[in-house]
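Here's the letter readout for the chains.
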Amino acid sequence: MHSDQISIPVLTIDGPSGSGKGTISRAVSERLGWHFLDSGALYRAVGLAASWADIAFDDVESLARCAIETDVRFVDRPGDDPLVLINGRDASSELRTETCGAAASAIAAIPEVRTALVDKQRSFRQPPGLVADGRDMGTVIFPDAEFKVFLTASAEIRAERRYKQLKQKGFEVTLSALLREIVARDARDAGRAVAPLRAATDAVHIDATGLGIGEVVERVLELIRHGR
Ligand code: C5P
């Protein structure tokens, strides 16, 4: 990290899949006028690029190279999720599938892949500030972040949210299968040896189970305005 980057404020929002991190992080970044890092999209992009290139998930060397070489670009679209271009190809919809999430979770457990993505993630720290969404933003990538949130919600609520999102995008999914997949992905993310999903010791915990998006956004903004 460049020393002048250290003074740029960062808000990290970590938590399990489907906790609403993405929606909340994006909304907060828009309200603050800060940049936004969707680190999960980077892992998903590497998983997808590896599958396009027929790289086996146990071929660590090729996966690490794929993580370094894959060009991922986010193009903002007003009122919609950003377009995600992987090596110039629009993969925005494909990236959101649970198959892609599972592939991301598998390659994300490989230390060499994580190392390959560290600088890429830190390069998003630009003025006037950054909201970083992921699993290890507050623990590994931006341990010095001034503001840290750990966002959770019950697995049932998270599966329902994913179900609605995927149905809306036209994917054929069932709630019970999604719940199974989410529970399995959480266990893998929390149980892995490197950068497991866990809250930073200085993170503020928010349980979004009974809360609407707007309420969570306000709580996070409150944290920024007044400290913890
Ligand atoms: O957040 P999202 O569901 O898009 O992330 C997909 C997968 O990428 C996660 O299940 C996790 O395994 C991995 N990931 C990670 N570290 C991050 C972000 C995502 O390991 N910072």
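This write-up is about the structure you can find in this document. (Residues numbered from 1 in each chain as written. Predicted model: local features only at pLDDT ≥ 70, side-chain atom pairs only at ≥ 80, totals over all residues. Heavy atoms only, no water.)

Here we take up the site of the ligand. Residues in close proximity to the ligand total 17 residues, the closest being Arg 44, Arg 114, Arg 135, Arg 185 and Asp 189. The separation between a nitrogen atom of the ligand and a polar side-chain atom of Ser 39 is 3.0 Å. Contact distances for the ligand include 2.7 Å between an oxygen atom and a side-chain N or O atom of Asp 189. A total of 460 Å² of accessible area belongs to the ligand in isolation, and the protein chains cover 98% of it. Going through the elements one at a time, helix H2 (39-52), helix H4 (98-107) and helix H8 (175-191) are the ones with two or more residues in the shell around the ligand. For the shell around the ligand, the leading source of residues is H2, giving 4 residues. Considering only residue class, the shell around the ligand consists of 4 nonpolar, 4 polar and 9 charged. (Near = heavy atom within 4 Å. Polar contact = N/O pair within 3.5 Å; in protein donor to acceptor, adjacent residues only side chain to side chain. Areas by Shrake-Rupley, 256 points an atom, 1.4 Å probe, with all protein chains shown as cover. Helix = DSSP H or I, 4+ residues; strand = E, 2+ residues; numbered from the N terminus. Nonpolar A, V, L, I, M, F, W, Y, C, P; charged D, E, K, R; others polar.)

In the contact formed by helix H3 (residues 60-69) and helix H5 (residues 111-122), the axes pass within 8 Å of each other and the chain directions differ by 10 degrees. Classified by the interaxial angle, the pair formed by H3 and H5 is roughly parallel. Of the residues in H5, those in contact with Val 60, Leu 63, Ala 64, Ala 67 and Ile 68 of H3 are Glu 112, Val 113, Ala 116, Leu 117 and Lys 120. For the contact of H3 with H5, the per-class residue count stands at 8 nonpolar, no polar and 2 charged. (Axes fitted to C-alpha atoms, helices over the stretch in contact; angles between N-to-C directions. Parallel < 35°, antiparallel > 145°, perpendicular 65-115°, else oblique. Contact = heavy atoms within 4.5 Å.)

For sheets, the rule is that strands pair by backbone hydrogen bonds, running either parallel or antiparallel. Spatially, S3-S4-S5 is the arrangement adopted by the 3 strands of the open sheet, whose pairing is antiparallel. Two strands in the sheet have a free side with no partner beyond their single neighbour: strand S3 (72-77) and strand S5 (89-90). For strand S4 (residues 80-86) and S5, the ladder comprises 2 bridges, and the chain directions are antiparallel. When the bridges of S5 are listed, Ile 86 appears paired with Arg 89. (Pairing = 2+ DSSP bridges.)

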